[in-house]
Amino acid sequence: MMAAGRAAELGAEVLLLEKTERPGKKILISGNGRCNLSNTCDLETFILQYGPNGRFLSSVFRRFFRDDLISFLHRYDVETVVKYGNKIYPASQNAREIVRVFVSYLEDNNVTIKYNTAVNHILVETNSVIGVQTITDTYPCDAVILATGGASHPQTGSTGDGYRIAKELGHTIIRLRPGLVPLVVEETELAKSMMGSSLHNVRLTAFQQRADAIDRGLVPTSDTGRGIKGPKPRLPVIESRFGDLMVTHFGLSGPIALEMSLAIIDALEKGPVGVSIDLKPEISSTGLASRLQQQFQLHGKRTYQTIMQSFLSHKMIEPFVALSGVPGEKTANHISMSETNRIAALLKSLRFNINGPYSMSTAMVTAGGLSLDEIDPQTMASKLVKGLYLCGEVLDIDANTGGYNLQAAFSTGWVSGEEAAK
Ligand SMILES: Cc1cc2nc3c(=O)[nH]c(=O)nc-3n(C[C@H](O)[C@H](O)[C@H](O)COP(=O)(O)OP(=O)(O)OC[C@H]3O[C@@H](n4cnc5c(N)ncnc54)[C@H](O)[C@@H]3O)c2cc1C
């Protein structure tokens, strides 16, 4: 929509072919319906969120970045607001407003929109675009912008068609993987027993080894991984993040699990991945053991299970107690020092083996996509086919949560629209 609107604004005659019956379905579900459209962080940190491919966006961001997006939204009377640290949302925190802006932008610039119209092929003659083809029609044209999105949440229309269409034209597709996706664990019974537990302010660390081989001493004290300045984590540590986690019936979800998912999925290609959850990262193992001991002495007649109420959320207590091997009904004054140390160790390192991602359809983004080597970063033009431009999530670009994915789509859309109009 950004690409079509911008090309039309510069005078091109534009036809937007949309597979579904409505525009912007994925925008509507973005940010839980609130649309986290960009981020206030500095450019260097911004680019880090896309991993190594972030550099590709440097020139695009020079032409259209966050402030340009905010000014663009102002043109349509949409104010923005910063929430949760540095995430930018429309002030209404309603994604519908963003879709409304784009529909107005398209209408104001006389873009013709055809809904329920899926493009099947881009037609090329002597290496130049000559049109596009749907099941029923052929539309001749001088330039095509392929903006078909990724392959996740296919109910929004992004079913991965763009990968096939571009591949037919000779473009290379970098292996598709789900990004920002929940993780399935091997210990499903344990996960089920903890299902629904929200773990706040914990540290999740992923290791390139099975869970039972994890050395707790290697857990970093600060975050490492994609988007974080500083040295890369050293194997066997893959990534480590502090924040919130959810245990589901199949495994791990919640912000830090989603953010670490891509690194874990890639690491699974190389070997087993185990994760360690530090439920009490603010305190050392020895500090925690003394705190437990103190509680056991203070409330000697209470059961171990009752005392754990001050250390764990309600849903975690029973499965945690079972896992610790110390009987829940044991009175605190009977708990030995070695049992106390075992409980402390488990609080500091609850472990799971990761089997894989939950599913592509539940991922927030698609990692992989059209190889950036075959696209001019200044113009978003295909280096293989004249008149073909590419933008948005169909590219081999994906980022952490925080508004980076939408900003990349808007920026690459803007530039490809300008260049296609030329
Ligand atoms: C649940 C969820 C929440 C998200 N929240 C955020 C967030 O808060 N912030 C953020 O930055 N990112 C978020 N994202 C990611 C972000 O929404 C996407 O990266 C972004 O929408 C990609 O934009 P796009 O235009 O490339 O693709 P899309 O938004 O997927 O649009 C592609 C369009 O192409 C159409 N299409 C596909 N194939 C064809 C075809 N053959 N012919 C014609 N039309 C076709 C589709 O119907 C669709 O309308 C979220 C994603 C999900 C799934």
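A quick note: this is a predicted structure, and the numbers were derived from the prediction, not measured.

Chemist: Describe the pattern of salt bridges, listing the residues and the values that go with them.
Modeler: Under the counting rule described, the total for this entry stands at 24 salt bridges. A salt bridge links R75 to E9, with the shortest nitrogen-to-oxygen separation between them at 2.6 Å. Taken as a pair, R75 in helix α5 (residues 66-75) and E9 in helix α1 (residues 2-9) lie far apart in primary sequence, 66 residues in all. A relative accessible area of 44% means that R75 is categorised as partly exposed.

Chemist: Would you mind going over the side chain of S152 in detail, with residue names and values included?
Modeler: Mapped onto the fold, S152 is located in the loop between β9 (144-146) and α7 (161-168). With residues up to four places along the chain from it excluded, the contact list for S152 reads K26, S158, M360, S361, A363, M364, V365, T366 and E393.

Chemist: How would you summarise the layout of surface pockets if you had to cite specific residues and measurements?
Modeler: As a volume, the second largest pocket reaches approximately 990 Å³. In this structure, the second largest pocket is lined by 42 residues; those nearest its centre are G51, P52, R226, K232 and E239. Partitioning the lining of the second largest pocket into residue classes produces 19 nonpolar, 11 polar and 12 charged. Among the domains, domain 1 (2-178 + 364-421) and domain 2 (182-358) are the pair contributing at least three residues each to the lining of the second largest pocket.

Chemist: Could you give me a rundown of the nonpolar core, with the residues and numbers involved?
Modeler: Core analysis: the biggest nonpolar cluster contains 57 residues, and M2, Y50, F72, I122 and L388 have the highest contact counts within it. Of all hydrophobic cores here, the second largest spans 46 residues; its members include I256, I277, F311 and L346.

Chemist: An account of the site of the ligand is needed here, citing residue identities and associated values.
Modeler: What surrounds the ligand is a group of 29 residues, the closest being E18, N36, D161, E393 and L406. Here an oxygen atom of the ligand and a side-chain polar atom of E18 are 2.6 Å apart. For the ligand, an oxygen atom lies 2.5 Å from a polar atom in the side chain of E393. Here the ligand has 1,000 Å² of accessible area as a free molecule, and 89% of this is covered by the chains. Broken down by secondary-structure element, the contributors of at least two residues to the shell around the ligand are α2 (25-29) and α14 (404-421). Among the elements that take part in the shell around the ligand, α14 stands out by supplying 4 residues, more than any other.

Chemist: Quick one: what's the story with α1, residue by residue and with numbers?
Modeler: By the criterion of burial, α1 is predominantly enclosed, with 7 of the 8 residues buried. Turning to α1, its buried residues number three or more, namely M2, A3, A4, G5, R6, A7 and A8. Along its buried surface, α1 packs onto β1 (15-17), α5, α6 (95-108), β9 and α14. Positive backbone phi, approximately 105 degrees, marks G11, located one or two places after α1.

Criteria and thresholds
- Every residue gets a number counted from 1 within its own chain, in the order that chain's sequence is written.
- Given that this is a predicted model, residues contribute local features only at a pLDDT of at least 70 and side-chain atom pairs are listed and counted only at 80 or more, while totals for whole chains, interfaces and linings are drawn from all residues.
- The basis for every side-chain value is the complete set of non-hydrogen atoms in the structure, without hydrogens or water.
- The working definition used for a salt bridge is a side-chain nitrogen of Lys or Arg within 4 Å of a carboxyl oxygen of Asp or Glu.
- Numbering goes from the N terminus for both helices and strands, where a helix is a DSSP run of H or I of at least four residues and a strand is a run of E of at least two.
- Exposed residues in this analysis have more than 50% of their type's maximum accessible area, buried residues have under 20%, and partly exposed residues fall in between, with area computed by a 1.4 Å probe over protein chains only.
- In what follows, a contact means two residues having at least one pair of non-hydrogen atoms within 4.5 Å.
- Cavities and pockets are defined on a 1 Å grid built over the protein atoms alone: a cavity is a set of grid points where a 1.4 Å probe fits but cannot escape, while a pocket is an open set with protein on both sides within 12 Å along at least five of seven lines, and lining residues are those with an atom within 4 Å of any such point.
- Grid points are joined across faces, edges and corners, and a volume is the space filled by probe spheres set on the points.
- Classification convention: Asp, Glu, Lys, Arg as charged; Ala, Val, Leu, Ile, Met, Phe, Trp, Tyr, Cys, Pro as nonpolar; all other residues, Gly among them, as polar.
- Note that the domain bounds reflect an automated or database-derived domain assignment.
- Note on terminology: a nonpolar core comprises buried Ala, Val, Leu, Ile, Met, Phe, Trp, Tyr and Cys residues joined through side-chain atoms within 4.5 Å.
- Distances are taken per atom, and a residue is near a molecule or strand as soon as one of its heavy atoms is within 4 Å of it.
- Pairing of N or O atoms within 3.5 Å defines a polar contact, subject to two protein rules: one partner must be a possible hydrogen donor and the other a possible acceptor, and residues neighboring in sequence count only if both atoms are side-chain atoms.
- The method behind every accessible area is Shrake-Rupley, applied with a 1.4 Å probe, and residues are considered shielded solely by the protein chains displayed.

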